[in-house]
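The primary structure of each chain is shown beneath.
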Amino acid sequence: MATEQTFSILKPDATRRNLTGAINAVYEKAGLRIVAQKRIQMSQAMAETFYGVHKERPFFKDLVSFMISGPVVVQVLEGENAVAHHRELMGATNPANAAEGTVRKLFAESIEANSVHGSDSLENAAIEIAYFFAGSEIVG
């Protein structure tokens, strides 16, 4: 097993309901370390760039609007096979299909307001981490 870093966002629905600590507790209990974290307000340009891969999808405009609707918490998580482990902890995109005990089953309001984002690969994790964090901000 390899120690990896992955990227996470606690979305506006989670920060609005003051769930940062509860979600972090799920991650930490499962063995992921939070090695960088900050609360930010995404601008429209920032959200459009970050989610640019979805630009041609019908949900893009609504996704950007949602992500700028309130503060988010961006994070770097570290642990054994962190990308896959974090995705397992998040649960299915649709909380109705998420496994018991996953973040989305526990906290998501809907398929759109599903509380968290996580990188889907090591390559994307590196890109997403670099988008929000300078190397000096990531400390173990």
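Residues numbered from 1 in each chain as written. Predicted model: local features only at pLDDT ≥ 70, side-chain atom pairs only at ≥ 80, totals over all residues. Heavy atoms only, no water.

As recorded in an unreviewed UniProt entry, the protein goes by the name Nucleoside diphosphate kinase, listed as coming from Rhodovarius crocodyli. Per UniProt, the protein has the following entry under Cofactor (unreviewed entry): "Mg(2+)". (UniProt positions renumbered as here; feature names shortened; annotations may be inferred.)

Student: When you look at the overall build of the protein in this model, what are you seeing that I'm missing?
Tutor: Helix and strand content of the protein: seven helices and four strands. Overall, the protein shows an N-to-C arrangement of helices and strands of β-α-α-β-α-α-β-α-α-β-α. Here the C-alpha atoms of the protein give a radius of gyration of 14 Å, agreeing with the 14 Å that 2.2 N^0.38 yields for 140 residues. When its C-alpha atoms are laid out on the principal axes, the protein stretches across 40 × 35 × 25 Å. The buried share among the 140 residues of the protein stands at 46%. Put simply, the protein shows about 7,200 Å² of open surface, and 53% of that area lies on carbon and sulfur atoms. (Helix = DSSP H or I, 4+ residues; strand = E, 2+ residues; numbered from the N terminus. Rg over C-alpha atoms; globule rule 2.2 N^0.38 Å. Buried < 20%, exposed > 50% of the residue type's maximum accessible area, 1.4 Å probe, protein only. Areas by Shrake-Rupley, 256 points an atom, 1.4 Å probe, with all protein chains shown as cover.)

Student: Just checking my understanding: could you explain the nonpolar core for this structure?
Tutor: It is characteristic of soluble globular proteins that their nonpolar side chains tend to be buried jointly. Among the nonpolar cores identified, the biggest contains 19 residues, and Phe7, Ile9, Met42, Met67, Val74, Phe132 and Phe133 are the most heavily contacted of them. For this core, the secondary-structure elements that each account for two or more residues are strand 1 (3-10), strand 2 (33-40), helix 3 (44-50), helix 4 (60-67), strand 3 (72-80) and helix 7 (122-132). Broken down by element, the residue count for this core peaks at four residues, all from helix 4. If we ignore the near neighbours within four places in the chain, the residues touching Phe133 are Phe7, Ala36, Gln37, Lys38, Val74, Gln75, Val76 and Ile138. Formed by 15 residues, the second largest nonpolar core is a distinct cluster that contains Leu10, Tyr27, Val73 and Leu77. (Core = buried A, V, L, I, M, F, W, Y, C linked by side-chain atoms within 4.5 Å. Contact = heavy atoms within 4.5 Å.)

Student: What's the story with helix 4 in this structure? I'm lost.
Tutor: In an α-helix, one full turn covers 3.6 residues, which means residues spaced three or four apart are oriented alike. Turning to helix 4, its buried residues are Phe60, Leu63, Val64 and Met67. Burial along helix 4 is one-sided: seen end-on, the buried residues are contained in an arc of 95°. Of the residues in helix 4, the exposed ones pointing more than 90 degrees away from the buried face are Lys61 and Asp62. (Arc of directions from axis to C-beta.)

Student: What is the right way to look at the pairing of strand 3 in this model?
Tutor: Residues in a regular strand project their side chains so that they alternate between the two faces of the sheet. Within strand 3, eight of the nine residues are buried, leaving the element largely enclosed by the surrounding structure. As paired elements, strand 1 and strand 3 share eight bridges and run antiparallel to each other. Residue pairing for strand 3: Thr6 is matched across the bridge by Leu77. Where strand 2 meets strand 3, seven bridges bridge the pair, whose relative direction is antiparallel. Its bridge partner lying in strand 3, Gln37 is registered against Gln75. (Pairing = 2+ DSSP bridges.)

Student: Before we go on, may I ask you to explain the layout of surface pockets in this structure?
Tutor: The gaps of empty space that remain are located by a probe, the size of a water molecule, rolled over the atoms. Of the voids in this model, the largest pocket is the one considered here, and its volume is about 840 Å³. In terms of lining residues, the largest pocket is bounded by 24 residues, among which Tyr51, His54, Phe59, Leu63 and His117 are the most central. Elements with a minimum of two residues in the lining of the largest pocket: helix 4, helix 5 (82-90), strand 4 (116-118) and helix 7. Counting residues per element, the lining of the largest pocket draws most heavily on helix 7, at four residues. (1 Å grid on protein atoms, 1.4 Å probe; cavity = no way out; pocket = protein on both sides within 12 Å on 5 of 7 lines; lining within 4 Å. Points joined across faces, edges and corners; volume = space filled by probe spheres on them.)

Student: I would appreciate a short explanation of the UniProt feature "binding site: ATP" (unreviewed entry) in the protein in the present structure.
Tutor: Per the UniProt annotation, the sites labelled "binding site: ATP" (unreviewed entry) are Lys11, Phe59, Arg87, Thr93, Arg104 and Asn114. Here the residues from the annotation list that line the largest pocket are Lys11, Phe59, Arg87, Thr93, Arg104 and Asn114. Mapping Phe59 onto the fold places it in the loop between helix 3 and helix 4. Here Arg87 is to be found in helix 5. Setting aside residues no more than four positions away along its own chain, Arg87 makes contact with Gly118, Ser119 and Asp120.

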